[in-house]
Amino acid sequence: MCIAAIHICFTAPKETYFAIMAAISVQNLSKYYQVHQKEPGLVGSLKSFVLRKTYDVKAVDDISFSIESGELVGFLGPNGAGKTTTLKVLSGLLYPTDGDVSVLGYTPWERQADFQRRFALVMGQKNQVWWDLPPMETFLINKEIYEVPDAQFGETLNELVHILELEKVIHVQARKLSLGERMKCELLAALLHRPQVLFLDEPTIGLDVVMQQNIRNFVREYNARYGATVILTSHYMRDVEALCDRVLIIDQGHLVFDGDLDTVVRRYADYKFMTVTFASPVAETELAAYGSVVSYRPRTTTLRIARDAVPQVSAQLLQDYPVLDLNIVEPEVDEVVRQFFSGGRPAHAEVAS
Amino acid sequence: MQRYGRLYLAFAKNSFLNALEYRLSFTVWSIATICYSVVYVASIQIIFGHVQTIGGWRVEQMLVLAATVMIVDGIVESIFGENMNALSGLINRGELDFVLSKPVNTRFYVSTRKFDWDPLVQVVIGGGVLWYAIGLLAQPVTWFGALLYLGMMVCACLIAYSLWFIIISVTFFVGRLNNVGHLYYNLIEASRVPTDVFRGALRLGLTFVLPVAFIAMVPSQALMGLLSPTFALAAVAMTAGLLVLSHLFWRLALTKYSSASS
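Note that this is a predicted model, so its numbers are computed, not measured.

A.B. asks: Explanation requested: the overall build of chain B in the structure shown.
C.D. replies: Counting its regular elements, chain B contains twelve helices and zero strands. Secondary structure elements in chain B, listed N-terminal to C-terminal, are α-α-α-α-α-α-α-α-α-α-α-α. Its C-alpha atoms give chain B a radius of gyration of 19 Å, within 12% of the compact-globule value 18 Å for 262 residues. Considering only C-alpha atoms, chain B reaches an extent of 60 × 45 × 35 Å along its principal axes. For chain B, with 262 residues in total, the buried portion stands at 50%. Considering only contacts in chain B between residues 6 or more positions apart, those separated by 24 or more positions represent 81%. Entry remark: accessible area of chain B is about 12600 Å², with carbon and sulfur atoms responsible for 69%. The average position of the 16 basic charges and that of the 11 acidic charges among the side chains of chain B differ by 8 Å.

Dropping the structure here:
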């Protein structure tokens with residue numbers, strides 16, 4: 001009796017504590033779209049015009065997760081997985097079909113002004129910066145919309161312009177800017193009110209490698225400097241790899257993985273790559289006995305070897321051949337995730353002999 | 001309220017800068033508008049070279065009507081025109097996302113974001129025609145008539161805007177409506193004829209179902225001292241009714257917004 005009582009006293013406040021701590025909390029979220037289907041041809045079209053057959057597409061199906069304040073989390077998934085739909089529900093753009101969502105304690109789709117002043121949404125594919133005017137004019141409009149005080153506006157603007165290296169750009173007509181410059185301006189426009197929560201939907205799409213790197217650095221810096229909670233979706237694995245400790249993998253509307261990137265690799269790639277440099281040429285057929293040959297040159301060969309077999313195979317190789325160098329690496333996250341989505345969930349390695 | 005005043009100023013300033021970027025556009029638009037107005041006024045003069053009255057309207061009264069259409073249409077197109085034309089695209093391409101995620105009244109934002117300076121030329125020309133026509137009127141215009149005219153003009157602009165807004169909002173339900181905005185221009189065309197010319201069901205329809213009568217005829221009658229108090233009240237009621245209706249329609253439409261794929 002006594003223990004049970006203590007137990008109850010102890011758990012109740014703890015749960016409340018966690019509820020307050022989570023910046024974003026999603027419980028059993030589902031979002032179905034109704035679409036109509038038509039049979040091919042004229043008769044099909046006429047039929048569908050009169051009597052429309054509709055069915056539900058489950059864009060997001062029973063997803064639950066929680067994100068702490070200040071976390072930088074990546075959403076991964078193929079096209080149509082439900083990433084953007086989830087972000088849109090979190091931003092209050094869409095009403096969910098089912099489930100509870102809380103962002104900073106607000107229900108997003110109620111679209112309270114207090115909530116909207118605390119978050120920002122950046123979409124790589126859509127722009128909010130006025131096309132025919134210099135970006136500075138858009139910034140001034142956003143200043144009015146978000147009621148940013150003059151002093152704070154000036155300070156934030158200077159800071160962001162400096163970090164993003166936009167000094168020469170903000171007074172040039174937006175349509176004359178490069179895609180990368182415009183994307184930086186989009187970020188700046190979205191961040192002038194210093195949002196505590198930031199949703200980035202494919203912010204680096206279409207950008208070159210250097211610019212992608214710039215954007216990444218900036219997102220990391222913003223996260224660190226303002227302690228903002230950031231959710232990032234991207235097709236580019238590098239973005240997520242460079243920025244996020246934690247990833248949520250969504251596939252066909254389901255949350256299939258929630259955890260750190262290293263775990264994805266350890267769990268779903270049960271192999272490693274071993275690159276061996278020999279003192280004298282070794283035939284490919286000989287090497288095939290140790291593992292599957294990924295790339296072969298007489299002196300330097302890369303083998304794919306089952307994770308468990310790595311110590312044993314490397315010892316064997318060192319013993320059998322004159323080895324100059326031996327290098328063991330984890331597979332690229334990129335590849336693991338690609339395999340993850342293409343059919344067979346866990347990527348199976350060939351069995352090393 | 002003050003905040004929206006400041007925001008509107010910022011919008012107007014941006015639109016002005018925008019207009020300055022495209023100097024030629026203003027010139028071309030002005031020439032087109034002048035040509036159109038000359039033809040329009042001349043056609044009225046030609047018709048009245050053959051007849052004394054149409055449906056009880058004399059030439060100077062028709063010119064007042066013509067001027068009123070120009071002014072109302074010019075104002076509505078300046079304030080709302082570009083926005084209404086852009087709105088259907090915002091919905092179709094899912095760019096409304098940005099607007100919806102901001103702490104600002106969505107309808108205010110999508111209705112007033114861009115002020116178009118070009119149609120103001122039409123307002124100036126309309127003013128000139130009005131001045132000329134008033135000089136020809138048999139009865140001088142009274143102060144009361146002028147004030148009532150202004151009031152009815154405000155109603156006319158709000159009615160035209162509400163109708164345009166409702167027409168465009170239909171896009172929410174269907175995802176895309178090609179050239180749906182043209183319905184507004186047809187409405188303006190219809191208002192160039194005094195509804196009194198028609199009889200029976202058509203006349204009632206053009207007054208109360210599609211309230212074309214309130215866009216130009218009612219203000220013109222107000223200026224000339226020919227408006228019955230009943231119609232003045234009907235205009236106010238119609239304005240209020242349409243504003244409320246368009247608001248409800250917009251609210252309903254927003255819940256249907258499915259946001260385009262990204």
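A.B. asks: Would you mind showing me how to read the pairing of strand 3 (residues 72-76) of chain A here?
C.D. replies: For a regular strand, the rule is simple: side chains alternate between the two faces of the sheet. Residue and element names in this part refer to chain A. Burial of strand 3 is extensive: five of the five residues sit out of reach of the surface. Going residue by residue along strand 3, you find Leu72, Gly74 and Leu76 tucked away on one face and Val73 and Phe75 tucked away on the opposite face as well. Sheet topology places strand 3 next to strand 7 (residues 229-233); four bridges connect them, and they run parallel. Following the sheet pairing, Val73 is matched in strand 7 by Ile231. Taken together, the four bridges between strand 3 and strand 8 (residues 246-251) define a ladder with parallel strand orientation. Paired with Val73 across the two strands is Arg246, which belongs to strand 8.

A.B. asks: Would you take a moment to explain helix 5 (residues 135-145) of chain A for this structure?
C.D. replies: Owing to its 3.6 residues per turn, the α-helix brings residues three or four apart onto one side. With respect to burial, helix 5 of chain A is a largely interior element, ten of its eleven residues being buried. Turning to helix 5 of chain A, its buried residues are Pro135(A), Met136(A), Glu137(A), Thr138(A), Phe139(A), Ile141(A), Asn142(A), Lys143(A), Glu144(A) and Ile145(A). If you follow the buried residues of helix 5 of chain A, they end up packed against helix 6 (150-164) and helix 7 (179-191) of chain A together with helix 1 (2-21) and helix 5 (106-112) of chain B. Once helix 5 of chain A finishes, Glu147(A) follows within two positions and takes phi at roughly 50°, a positive value.

A.B. asks: Any chance you could explain the layout of surface pockets here in plain terms?
C.D. replies: Empty space among the atoms becomes apparent when a probe as large as a water molecule is rolled across them. The computed volume of the second largest pocket comes to approximately 610 Å³. In terms of lining, the second largest pocket is formed by 29 residues, of which the most central are Trp130(A), Trp131(A), Asn18(B), Arg113(B) and Lys114(B). If one sorts the elements of the lining of the second largest pocket by residue count, helix 3 (residues 59-93) of chain B sits on top with six residues. The residue inventory of the lining of the second largest pocket, partitioned by class, reads 13 nonpolar, seven polar and nine charged.

A.B. asks: For this particular structure, what's the right way to read unusual backbone geometry?
C.D. replies: With the exception of glycine, most residues fall at negative phi, and the peptide bonds are largely trans. All names here are of chain A. Unusually for a residue other than glycine, Glu147 sits at a positive phi of about 50°. Mapped onto the secondary structure, Glu147 falls in the loop between helix 5 and helix 6. Look at Gln252: it is not a glycine, yet its phi comes out positive at around 50°. With respect to the element layout, Gln252 can be found in the loop between strand 8 and strand 9 (254-260). Gln252 gets classed as exposed once you look at its relative accessible area, which sits at 60%.

A.B. asks: Help me understand the pattern of salt bridges in this model?
C.D. replies: For side chains bearing opposite charge, pairing can occur when the charged atoms are close. Under the defined criterion, the tally for this structure stands at 19 salt bridges over all chains. Connected through shared salt-bridge partners, Asp114(A), Arg117(A), Glu147(A) and Arg3(B) make up one network.

A.B. asks: Which parts of the structure should I look at to understand the domain arrangement of chain A?
C.D. replies: Where interface size is quoted, it is often the accessible area lost as the parts come together. What the domain assignment reports for chain A is domain 1 (21-264) and domain 2 (270-329). For domain 1 of chain A versus domain 2 of chain A, the distance between C-alpha centres works out to 44 Å.

A.B. asks: I tried to follow helix 7 of chain A on my own but got confused; where do I start?
C.D. replies: Residue and element names in this part refer to chain A. The end-to-end C-alpha separation of helix 7 is 18 Å, in line with the 18 Å expected for 13 residues at 1.5 Å each. With respect to burial, helix 7 is a largely interior element, eleven of its 13 residues being buried. Buried within helix 7 we find Gly180, Arg182, Met183, Lys184, Cys185, Glu186, Leu187, Leu188, Ala189, Ala190 and Leu191.

A.B. asks: What should I look at first to understand the packing of aromatic side chains in this one?
C.D. replies: Geometrically, a pair of aromatic rings is defined through the distance of the ring centres and the angle of the planes. All names here are of chain B. A complete count under the given rule lists 23 aromatic pairs over all chains for this structure. Both rings, one in Tyr36 and one in Tyr40, keep their centres 6.5 Å apart while their planes meet at 35°; by these two values the pair is tilted. Within this pair, Tyr36 and its partner Tyr40 are both found in helix 2 (residues 23-48), separated by four residues, close to a single helical turn. Classification of Tyr40 as buried rests on a relative accessible area of 11%.

A.B. asks: In this structure, what is going on with a nonpolar patch on the surface? I would like to understand it.
C.D. replies: Residue and element names in this part refer to chain A. Residues Phe49, Val50 and Leu51 make up a contiguous nonpolar surface patch of about 420 Å² in total accessible area. Its location among the elements puts Phe49 in helix 2 (residues 41-50). A residue is classified by how much of its surface remains accessible, and Phe49, at 69% relative accessible area, is exposed.

A.B. asks: Just to check I follow, could you spell out the sheet that holds strand 13 (residues 323-329) of chain A for this structure?
C.D. replies: What holds strands together in a sheet is hydrogen bonding between their backbones, with the strands either parallel or antiparallel. Residues and elements named next belong to chain A. Taken in spatial order, the four strands make up an open sheet running 11-12-10-13, and their pairing is antiparallel. Of all the strands in the sheet, just strand 11 (292-296) and strand 13 have a single pairing partner and so form its edges. Direction aside, the axes of adjacent strands within the sheet are offset by 25° on average. Running at roughly 10° to strand 10 (residues 271-278), helix 12 (residues 310-320) makes contact with strand 10, strand 12 (300-306) and strand 13 of the sheet.

A.B. asks: Explain the packing of helix 2 of chain B against helix 6 (residues 120-136) of chain B to me, please; I cannot follow it from the model alone.
C.D. replies: Geometrically, a packed helix pair is captured by the angle between its two axes and the distance between the axes. Residue and element names in this part refer to chain B. In contact at an axis separation of 9 Å, helix 2 and helix 6 are set at 30° when each is read in the N-to-C sense. Taken together, the axes of helix 2 and helix 6 are roughly parallel relative to one another. Crossing hand, helix 2 versus helix 6: right-handed. Across the interface between the two elements, Phe26, Ser30, Thr33, Ile34, Ser37, Val41 and Gln45 from helix 2 touch Val121, Gln122, Ile125, Val129 and Tyr132 from helix 6. Within the contact of helix 2 with helix 6, the residues separate by chemical class into seven nonpolar, five polar and no charged.

A.B. asks: Would you mind showing me how to read the environment of Met211(A) here?
C.D. replies: All names here are of chain A. By secondary structure assignment, the location of Met211 is in helix 8 (residues 209-226). Along the chain, Met211 and Ser45 lie 166 residues apart, while their C-alpha atoms are 47 Å from each other. Look past the residues within four positions of Met211 in its chain and what remains in contact with it is Gly180, Glu181 and Lys184.

Thresholds applied
- Residues numbered from 1 in each chain as written.
- Chains lettered and ligands numbered in written order.
- Predicted model: local features only at pLDDT ≥ 70, side-chain atom pairs only at ≥ 80, totals over all residues.
- Heavy atoms only, no water.
- Helix = DSSP H or I, 4+ residues; strand = E, 2+ residues; numbered from the N terminus.
- Rg over C-alpha atoms; globule rule 2.2 N^0.38 Å.
- Buried < 20%, exposed > 50% of the residue type's maximum accessible area, 1.4 Å probe, protein only.
- Contact = heavy atoms within 4.5 Å.
- Areas by Shrake-Rupley, 256 points an atom, 1.4 Å probe, with all protein chains shown as cover.
- Lys, Arg positive; Asp, Glu negative; His and termini not counted.
- Charge placed at Lys NZ, Arg CZ, Asp CG, Glu CD.
- Pairing = 2+ DSSP bridges.
- 1 Å grid on protein atoms, 1.4 Å probe; cavity = no way out; pocket = protein on both sides within 12 Å on 5 of 7 lines; lining within 4 Å.
- Points joined across faces, edges and corners; volume = space filled by probe spheres on them.
- Nonpolar A, V, L, I, M, F, W, Y, C, P; charged D, E, K, R; others polar.
- Salt bridge = Lys/Arg side-chain N within 4 Å of Asp/Glu carboxyl O.
- Domains from an automatic or database assignment.
- Expected span 1.5 Å × (residues − 1).
- Phe/Tyr/Trp six-rings, centres within 6.5 Å; stacked < 30°, edge-to-face > 60°.
- Patch = residues over 30% accessible without salt bridge, like charges linked within 9 Å, V, L, I, M, F, W, Y side chains within 5 Å.
- Axes fitted to C-alpha atoms, helices over the stretch in contact; angles between N-to-C directions.
- Parallel < 35°, antiparallel > 145°, perpendicular 65-115°, else oblique.
- Left-handed = near helix turned anticlockwise from the far one by under 90°.

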